[in-house]
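Here are the chains, one letter per residue:
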Amino acid sequence: MKKNEIYEGMVNELKFPNKGKVIVENEEETVMVKNTLPGQKVRFRLAKNKKNKKEGKLLEVLELSDSETQTPPCPHFEFCGGCSYQTMSYDNQLKLKKDTVKGILDNAINESYEFQGILQSPLQWEYRNKMEFSFGDEVKDGPLALGMHKRNSFHDIVTVDECQIVDSDYRKILDAVLEFCAGKELPFYKKLRHEGYLRHLLVRRTTVTKQLLVAVVTTSDKEMEEKANWTELVEILKNLDLSAKLCGVIHIINDGLADVVQSDETRILFGDEYIYEELLGLRFKISVFSFFQTNSLGAEVLYETAREYVADAGNGKVVYDLYSGTGTIAQILAPVAKEVIGVEIIEEAVEAAKENAKRNHLENCEFLAGDVLKVLDDIEQKPDFIVLDPPRDGIHPKALEKIISYGVEKMVYISCKPTSLARDLEVLLARGYEAERICCVDMFPQTTGIETVCLLGKRKPDAKVKIG
């Protein structure tokens, strides 16, 4: 096989999250190709040709898989990099995710455990409560675009004004902001040259309380700011026919080089810089930068599952909630615990957690700021139960060893990346724990994302296990 040559083949396996293993026709080779599905016949260009790593760039799907039974409802599906599974029925999406996760875990857990399948999202469309749209152009020197990155592209932006995983309010706001900025002839920020003005549009819309928060992110160009006159945009947004209440419009200044939403300065143009959402009877204050599950109703399913696992281990326990974010899990577990101690490295999130706990009249929650690896040494009260909800890449090996050293009888591990969970489970199993129950929760319909909840218990002395 030669690099940059065109090949065809059948996808026979999916590697999480979205790499298909393609068996190449007339070649005794397999190539990994992104954005493919098992059962598809595809044409691709060989992009990497190393002895143990061959990767291709998808050019065309020649034949659909048997699981692809519908026309994508979203007109942007072919070009937008946001969704992957819109050609599949929701039942087929759930089966693919369930089978993928179980395959990953079975390779790490060579013993029996109760796999409880997958729980579906209450909403399969218009479920997201947060979107970050990027300014740019769809083709070089083309008209201003506002939306998502084009599939497999770092530069090109697709205007997703008919996106189907968000409510119609998002689409109306995107249209209004794009029309306003294009009319003012405001230039977008060019990432490689580090010049320009418009960077992102961030919209948060709560599902239960139906509140909206809009943030426009730009560089600190004073000349462009005068030209923009953002107060005009505020009036346009206030006059839109929206189903949720517009509670705040914010202008965020960001001169950082990274292509992420961050704030050097935040200016409130209208209303407040926060909104409120309700989960499982609790109320949470959410700012532009708050970590909060992007599917509110799906989060209730996820946290109910975690709460059930904790409750089954016995009430009245001291629970550590490690990697606690804004304390959502800690507060939901509080009613079934004696005390919950949350640890989170981001100080702003910790302050938000304290404020939310006070608002919800929860007096048995404590939140500490700092790295889990370091903070654990400073906590005098030892845990009876530990809940882990780490970042995508899992738990630092040294932190995991410290967590294991507490010797608690039960743990719950919540993961948004099953490969990281599998890696950490191998360590936990080798150190005397066993996986008792595992359940997937689909928080991200139409996409490759999946959450997994695992209940771990100390292994019985006479139990035998094979690791690896």
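Residues numbered from 1 in each chain as written. Predicted model: local features only at pLDDT ≥ 70, side-chain atom pairs only at ≥ 80, totals over all residues. Heavy atoms only, no water.

Q: Describe the overall build of the protein, with residues and values.
A: When you go through the protein residue by residue, the secondary structure sums to 10 helices and 22 strands. For the protein, whose C-alpha radius of gyration is 24 Å, the value lies close to the compact-globule estimate of 23 Å for 468 residues. Projected onto its principal axes, the C-alpha positions of the protein cover 70 × 65 × 35 Å. Burial status across the protein gives 52% buried among its 468 residues. Put simply, 64% of the contacts in the protein that link residues at least 6 apart link residues at least 24 apart. (Helix = DSSP H or I, 4+ residues; strand = E, 2+ residues; numbered from the N terminus. Rg over C-alpha atoms; globule rule 2.2 N^0.38 Å. Buried < 20%, exposed > 50% of the residue type's maximum accessible area, 1.4 Å probe, protein only. Contact = heavy atoms within 4.5 Å.)

Q: Can you tell me about the nonpolar core, naming the residues and giving the values?
A: Leu201 and Trp230 are the most contacted members of the largest nonpolar core, which has 86 residues in total. For this core, the leading source of residues is helix 2 (residues 168-183), giving 8 residues. Core analysis: the next-biggest nonpolar cluster, separate from the first, contains 41 residues, Ile379, Ile386, Ile404 and Leu428 among them. (Core = buried A, V, L, I, M, F, W, Y, C linked by side-chain atoms within 4.5 Å.)

Q: Which residues make up the packing of aromatic side chains, and what values do they have?
A: Two aromatic rings are characterised by how far apart their centres lie and by the angle between their planes. This structure, assessed with the given rule, holds 7 aromatic pairs. Aromatic pair tyrosine 197 and tryptophan 230: ring centres 6.3 Å apart, planes at 25°, arrangement stacked. Of this pair, tyrosine 197 sits in the loop between helix 2 and strand 10 (198-205) while tryptophan 230 sits in helix 4 (residues 230-238), and the two are 33 residues apart along the sequence. The class for tryptophan 230 is buried, based on a relative accessible area of 5%. Every member of this aromatic cluster is reached through a ring pair, and the members are Phe180, Tyr197 and Trp230. Note that lysine 285 overlies the ring of tyrosine 274, its terminal NZ or CZ placed 4.1 Å from the centroid. One Lys or Arg, lysine 458, reaches over the ring of tyrosine 433 and ends 5.8 Å from the middle of that ring. (Phe/Tyr/Trp six-rings, centres within 6.5 Å; stacked < 30°, edge-to-face > 60°. Lys NZ or Arg CZ within 6 Å of the ring centre and 35° of its normal.)

Q: Describe the packing of helix 2 against helix 4, naming the residues involved and giving the relevant values.
A: With their axes 10 Å apart at the nearest point, helix 2 and helix 4 run at an angle of 150° to one another. Here helix 4 runs roughly antiparallel to helix 2, going by the angle between their axes. For the pair helix 2 and helix 4, the crossing hand works out as right-handed. Along the contact surface, helix 2 presents Ile173, Ala176, Val177, Phe180 and Cys181, while helix 4 presents Trp230, Glu232, Leu233, Ile236 and Leu237. (Axes fitted to C-alpha atoms, helices over the stretch in contact; angles between N-to-C directions. Parallel < 35°, antiparallel > 145°, perpendicular 65-115°, else oblique. Left-handed = near helix turned anticlockwise from the far one by under 90°.)

Q: Pulling in residues and values, what's your account of helix 9 (residues 397-405)?
A: Listed as buried for helix 9 are Ala399, Leu400, Ile403 and Ile404. All buried residues of helix 9 lie within an arc of 140° about the axis, which places them on one face of the element. Away from its buried face, by an angle of more than 90 degrees, helix 9 presents the exposed residues Lys398 and Ser405. As for helix 9, its buried residues are in contact with strand 16 (317-322), helix 8 (372-375), strand 19 (385-388), strand 20 (410-415), helix 10 (418-430) and strand 21 (433-441). Phi turns positive one or two residues past the end of helix 9, at glycine 407, with a value near 70°. (Arc of directions from axis to C-beta.)

Q: Can you explain the sheet that holds strand 8 (residues 144-149)? Please cite residues and give values.
A: Note on sheets: strands pair through backbone hydrogen bonds, and any given pair is parallel or antiparallel. Read across the open sheet, the 7 strands follow the order 9-8-7-10-11-12-13; overall the sheet is mixed. Two strands close off the open sheet at either side, each with one partner strand: strand 9 (157-159) and strand 13 (265-271). Across the sheet, the axes of successive neighbouring strands diverge by a mean angle of 35°, strand direction being ignored. Relative to strand 10, helix 2 is tilted by about 155°, and along the sheet it contacts strand 7 (130-137), strand 8, strand 9, strand 10 and strand 11 (211-218). Across the sheet, helix 4 lies against strand 10, strand 11, strand 12 (245-253) and strand 13, angled at about 160° from strand 12, the strand it touches most. (Pairing = 2+ DSSP bridges.)

Q: Tell me about the packing of helix 1 (residues 90-108) against helix 10, residues and numbers included.
A: The contact between helix 1 and helix 10 brings their axes to 9 Å, and the two run at 25°. In terms of axis orientation, helix 1 runs roughly parallel to helix 10. Crossing of helix 1 against helix 10: the hand is right-handed. In this structure, helix 1 uses Val101, Ile104, Leu105, Asn107 and Ala108 to contact helix 10, whose residues at the interface are Pro418, Thr419, Leu421, Ala422, Leu425, Glu426 and Leu429. Residue composition of the contact of helix 1 with helix 10, by class: 9 nonpolar, 2 polar and 1 charged. (Nonpolar A, V, L, I, M, F, W, Y, C, P; charged D, E, K, R; others polar.)

Q: For the environment of isoleucine 332, give the residues involved together with the corresponding values.
A: Its place among the elements puts isoleucine 332 in helix 6 (residues 328-333). Since its relative accessible area comes to 1%, isoleucine 332 is described here as buried. Sequence-wise, isoleucine 332 and glutamate 300 are 32 residues apart; in three dimensions their C-alpha atoms are separated by 9.6 Å. Residues in contact with isoleucine 332, not counting those within four places in the same chain, are Leu280, Leu282, Tyr303 and Arg307.

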